[in-house]
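Observations on the three-dimensional arrangement
So the chains spell out like this:
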Amino acid sequence: MFNNKRVLLSALVACTLISGCKEEDKTTTIEFMHSSVEQERQAVINQLIARFEKENPDIKIKPVPVEEDAYNTKVTTLARSGALPEVIEISHDYAKVMDKEQLIDREAIQQVIADVGEERFYDGVLRIVRTEDGKAWTGVPMSSWLQGIWYSKSALAKAGLDEPNTWTSLLNAASALANPAQKKYGIALPTAESVMTEQVFSQFALSDGANVFNAQGDITLDTPEMREALEYYQKLAALSMPGSNDVMEIKDAFMNGAAPMAIYSTYILPAVYKDGDPQDLGFIVPTQKSSAVYGMVTSLTITAGQSEKETQAAEKFITFMEQGPNAAQWVLMSPGAALPVNKGVVEEPAYKENPVIQAFSALTSELIAQYPNVQVFGSVGDKNFTRMGDVTGSGVIYALVNGVTVGKQDPQAALAKGQKHLVELMQQH
């Protein structure tokens, strides 16, 4: 009798354990890696996750916040150990590197974009996240920031200057506004050996038809068009603050009035809202042969090598994040600085009623209208060359810009040297 009871008890325990496992199997847990480490941003993301889990009780999302400075290294480390989170927030430039390493599930991303609807994204946005072969996307766009020339309307009006929307008028305006003896400069632009310097210079080069690659993937740094752009940048830099200037110096010069024009990203908007006059802020994209705006798109991507259940959960989560109210909540973590890429965001009451958005409402519409003009080095037609990541990583371009602007080197000699370095670099990859 005792033995029978023990057998029965064992069977019941086993049954409970098995049914418990089955219950557990019904829940799929996926990780979501993002760069919002600030407490208030984490709170927003956790709210979104809680809302998603309530609608999808069979899916659990584990947030993995990682500092921005360590972000790309962390992705590489996790990829090597086979522990990549299923969903990763990623910039479109690093997403190209992930795609090159076959870390992205292209089919899953395509499925999400189909579910959301291509027409829900602003014209030009999906082009920015195209793969090198033009057949897929590297992620599902969530937000962006754009870069151009910001100016004080009152300062230009006081000097009797019209909006400088061409290279010639911009140089003339910067020259008219410059008074270095009084520590007043015509324009603040980057000259340091930094990625920002490369990004800003690229706007001028691309506007003149110069690119780092041609359609065949050959290095085309040393061209007449690139030289013209570099010579122009050298002249413009002479009307900026002396020395190697980067993000903080440019922002400070514009905000304290030392320079009434500055090249910066949309991250200048929160500062102007807080300490300046939103109505006095203007934005231009000076054009030579075409309009070229530098922009960075932040996407949510799905990693390769996950189980079918995990991939499906990731697809559901990103589709949820693209719904109007949720996408608006994401963008409003950085109101003004982060621009919507999904048309549904601007229709949301939370977005329209945000005080920062209201202060810059007309300007925000102008910025969104610039998406078709976004151009970046290494993107030629429908091709986004993944090797551009190696070019930027080498520092060749921003070093030569620094050498020409701060070091007063000859532009032609600098480009010839840079061309040689990049050709050798491409041979190694």
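Residues numbered from 1 in each chain as written. Predicted model: local features only at pLDDT ≥ 70, side-chain atom pairs only at ≥ 80, totals over all residues. Heavy atoms only, no water.

**Considerations on the overall build of the chain**
Check the secondary structure of the chain and you find 20 helices and ten strands. Principal axes of the C-alpha set define a box for the chain whose edges measure 105 × 50 × 35 Å. Residues counted as buried form 52% of the 429 residues belonging to the chain. Look at the contacts in the chain between residues 6 or more apart in sequence, and 77% of them connect residues 24 or more apart. (Helix = DSSP H or I, 4+ residues; strand = E, 2+ residues; numbered from the N terminus. Buried < 20%, exposed > 50% of the residue type's maximum accessible area, 1.4 Å probe, protein only. Contact = heavy atoms within 4.5 Å.)

**Considering the side chain of D99**
Relative to the helices and strands, D99 resides in helix α4 (residues 92–100). For D99, a relative accessible area of 10% translates into the label buried. Side-chain polar atoms of D99 contact the side chain of R106, separated by 3.0 Å. Excluding its chain neighbours within four sequence positions, the residues that come into contact with D99 are I104, R106, T131 and T138. (Polar contact = N/O pair within 3.5 Å; in protein donor to acceptor, adjacent residues only side chain to side chain.)

**Details of helix α12 (residues 268–275)**
Taken together, the buried positions of α12 are occupied by I268, L269, A271 and V272. Relative to the axis of α12, the buried residues are bounded by an arc of 165 degrees and lie together on one face. On its buried face, α12 is in contact with β4 (140–152), α11 (247–255), β5 (261–265), β6 (281–284) and α17 (361–368). (Arc of directions from axis to C-beta.)

**Here's the deal with the packing of aromatic side chains**
This structure, assessed with the given rule, holds 14 aromatic pairs. Summarising the aromatic geometry, the rings of F32 and F317 are spaced 5.3 Å apart at their centres and angled 65 degrees between planes, so their arrangement reads as edge-to-face. One end of the pair, F32, is in strand β1 (residues 28–34); the other, F317, is in helix α13 (residues 308–321), and 285 residues separate them in sequence. With respect to class, F32 is no different from F317; both count as buried. (Phe/Tyr/Trp six-rings, centres within 6.5 Å; stacked < 30°, edge-to-face > 60°.)

**Re the pairing of β6**
Residue alternation in β6 divides its side chains into two sets, L281 and F283 and G282 and I284, and both sets are buried. Of the pairings in the sheet, the one linking β4 to β6 comprises four bridges and is antiparallel in character. Counted as the bridge partner of I149 is I284 from β6. (Pairing = 2+ DSSP bridges.)

**Digging into the pairing of β4**
Within β4, 13 of the 13 residues are buried, leaving the element largely enclosed by the surrounding structure. Inspection of the sheet shows β4 paired to strand β7 (residues 294–302) by seven bridges, in the antiparallel sense. The residue of β7 that forms the bridge with W145 is M296. In the sheet, β4 pairs with strand β8 (residues 339–340) via two bridges, with the strands oriented antiparallel. What sits directly across from S144, in β8, is L339. In terms of strand pairing, β4 meets β5 through five bridges, oriented antiparallel.

**Quick look at the pattern of salt bridges**
Overall, the coordinates contain eight salt bridges when judged by the stated rule. Overlapping salt bridges, with partners in common, bring together D99, R106 and D133 in one network. (Salt bridge = Lys/Arg side-chain N within 4 Å of Asp/Glu carboxyl O.)

**Considerations on the environment of Q111**
Looking at the element boundaries, Q111 is found in helix α5 (residues 106–116). By relative accessible area, Q111 is classed as partly exposed at 38%. Between the C-alpha atoms of Q111 and N384, which are 273 residues apart in sequence, the distance is 21 Å.

**What about helix α8 (residues 167–177)?**
Among all positions of α8, only W167, L170, L171, A173, A174 and L177 are buried. Viewed end-on, α8 has its buried residues packed into an arc of 165 degrees, placing them on one side of the element. Seen from the buried face of α8, the exposed residues on the opposite side, beyond 90 degrees, are T168 and A176. Packed against the buried residues of α8 are β4, α7 (153–158), α9 (195–207), α10 (224–237) and β5.

**Quick notes on the confidence of the model for the chain**
Here the chain shows a mean pLDDT of 92. Residues at 70 or above account for 94%. Every residue in residues 1–23 is under pLDDT 50, and counting partners more than four places away or in other chains gives zero contacts. (pLDDT = per-residue confidence, 0-100.)

**Topic: the packing of helix α2 (residues 39–55) against helix α14 (residues 324–331)**
As a packed pair, α2 and α14 sit with axes 10 Å apart at the nearest point and diverge in direction by 165 degrees. Relative to α14, the element α2 lies roughly antiparallel. Remark: the crossing between α2 and α14 carries left-handed chirality. Contact with α2, carried on its side by V44, I45, Q47, L48 and R51, involves N326, Q329 and W330 of α14 and no other residues of that element. Each residue belonging to the contact of α2 with α14 can be placed in one class, and the counts come to four nonpolar, three polar and one charged. (Axes fitted to C-alpha atoms, helices over the stretch in contact; angles between N-to-C directions. Parallel < 35°, antiparallel > 145°, perpendicular 65-115°, else oblique. Left-handed = near helix turned anticlockwise from the far one by under 90°. Nonpolar A, V, L, I, M, F, W, Y, C, P; charged D, E, K, R; others polar.)

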